[in-house]
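Residues per chain are reported as follows:
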Amino acid sequence: MEAVVAVYSDWGIGCGGTQPVVLKADRAHFRALTAGAAVIVGRKTLADFPGGRPLKGRPNLVVTRQALEIEGAQVVHSTEEALSAARAYARCLVIGGASVYRQFFPYLDTVHVTRIALTPVSDSFFPNLDQEPGWRLAQAEPWQEEDGIAYRFCTYKKVS
Ligand SMILES: NC(=O)c1ccc[n+]([C@@H]2O[C@H](COP(=O)([O-])OP(=O)(O)OC[C@H]3O[C@@H](n4cnc5c(N)ncnc54)[C@H](OP(=O)(O)O)[C@@H]3O)[C@@H](O)[C@H]2O)c1
């Protein structure tokens, strides 16, 4: 299973329920990566989407322990239920947030990481894949810049 995440220099991914710095280029990259795929998303990350609504044009599996009905999404109540629901789709990406990344980490084999060369204060983190045993940097595009902020798209693979 794949995940997609944008990380700051310290592998921070967010603060106070949102991402302190968002790049337009990263949003476009995210849309392209997830096009036509299902996504697994935590209830708190969903709340931070525009209007708190699921992403359009792709199946959204929203993880929550609550008895919720969410228009445009399939609600699942555990990691196991999410994994089972994901089997219905040819491709499914884990899109956060921190607790969801953490719980699905053992099931990931590929992580699409946008490295953003800034260190805003974060209270949520992704595992540092440069130091995580069993993971390697498989591909790294050149550094680019948006509004003076350097970023690059990388792909990490689990070593089998
Ligand atoms: N940089 C990035 O690429 C990126 C991407 C996504 C998110 N983020 C950031 O990540 C942060 C949010 O992360 P978070 O950890 O606070 O929230 P989260 O993972 O998005 O959502 C947590 C919620 O998911 C539900 N949940 C989690 N595990 C579950 C399980 N095993 N079974 C059932 N429900 C489960 C619970 O919902 P209920 O409380 O409803 O039970 C829990 O409160 C924000 O700062 C956000 O901006 C960053």
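Visitor: If you had to explain the overall build of the protein to someone new, which residues and values would you point to?
Guide: Helix and strand counts for the protein come out as four helices and eleven strands. Here the C-alpha atoms of the protein give a radius of gyration of 15 Å, agreeing with the 15 Å that 2.2 N^0.38 yields for 160 residues. Taking the principal axes of the C-alpha coordinates as reference, the protein spans close to 40 × 40 × 30 Å. Burial analysis of the protein (160 residues in total) assigns 28% to the buried set. Contacts in the protein between residues far apart in sequence, at least 24 positions, make up 64% of those at least 6 positions apart.

Visitor: I'd like a description of the nonpolar core, backed by residues and values.
Guide: Ala3, Val5, Val7, Ile40 and Val94 are the most contacted members of the largest nonpolar core, which totals 33 residues. Looking at this core, the elements that each hand over two or more residues are β1 (2–7), β3 (38–42), β4 (60–63), α3 (79–86), β6 (92–94), α4 (98–104), β7 (110–116) and β11 (149–158). Val5 has contacts with Ile13, Gly96, Tyr101, Val111, Val113 and Phe126, leaving out every residue within four places of it along the chain.

Visitor: I'd love a proper account of the site of the ligand, names of residues and values included.
Guide: As a structural note, the neighbourhood of the ligand is formed by 28 residues, with Gly14, Gly42, Thr45, Gly96 and Gly97 the closest of them. At the level of secondary structure, the elements contributing two or more residues to the shell around the ligand comprise β1, β2 (12–14), α2 (43–47) and α4. Looking at the shell around the ligand, its residues break down into eight nonpolar, 16 polar and four charged.

Procedures and definitions
- Chains are numbered independently. Their residues run from 1 in the order of the written sequence.
- In keeping with the model being predicted, local features are shown solely for residues with a pLDDT of at least 70 and side-chain atom pairs are shown and tallied solely at 80 or more, while totals for entire chains, interfaces and linings include all residues.
- Secondary structure elements are defined from DSSP: runs of H or I of at least 4 residues count as helices, runs of E of at least 2 residues count as strands, and each element is numbered from the N terminus.
- Each radius of gyration reported is based on C-alpha atoms, and the globular scaling rule is 2.2 Å times the count of residues to the power 0.38.
- Three exposure classes are used, all based on how many other C-beta atoms lie within 10 Å of a residue's own C-beta (placed from the backbone): buried at 20 or more, exposed at 12 or fewer, and partly exposed between those limits.
- Remark: residues whose backbone-derived C-beta atoms lie within 7 Å of one another are considered to be in contact.
- Here, a nonpolar core means buried Ala, Val, Leu, Ile, Met, Phe, Trp, Tyr and Cys residues linked by C-beta atoms lying within 7 Å of one another.
- The criterion for a residue being near a molecule or strand is simple: its C-beta atom, placed using the backbone, must lie within 6 Å of it.
- Note that Gly is not counted as nonpolar here; it falls among the polar residues with everything else outside the nonpolar set of Ala, Val, Leu, Ile, Met, Phe, Trp, Tyr, Cys and Pro and the charged set of Asp, Glu, Lys and Arg.

Geometry only, nothing functional implied.
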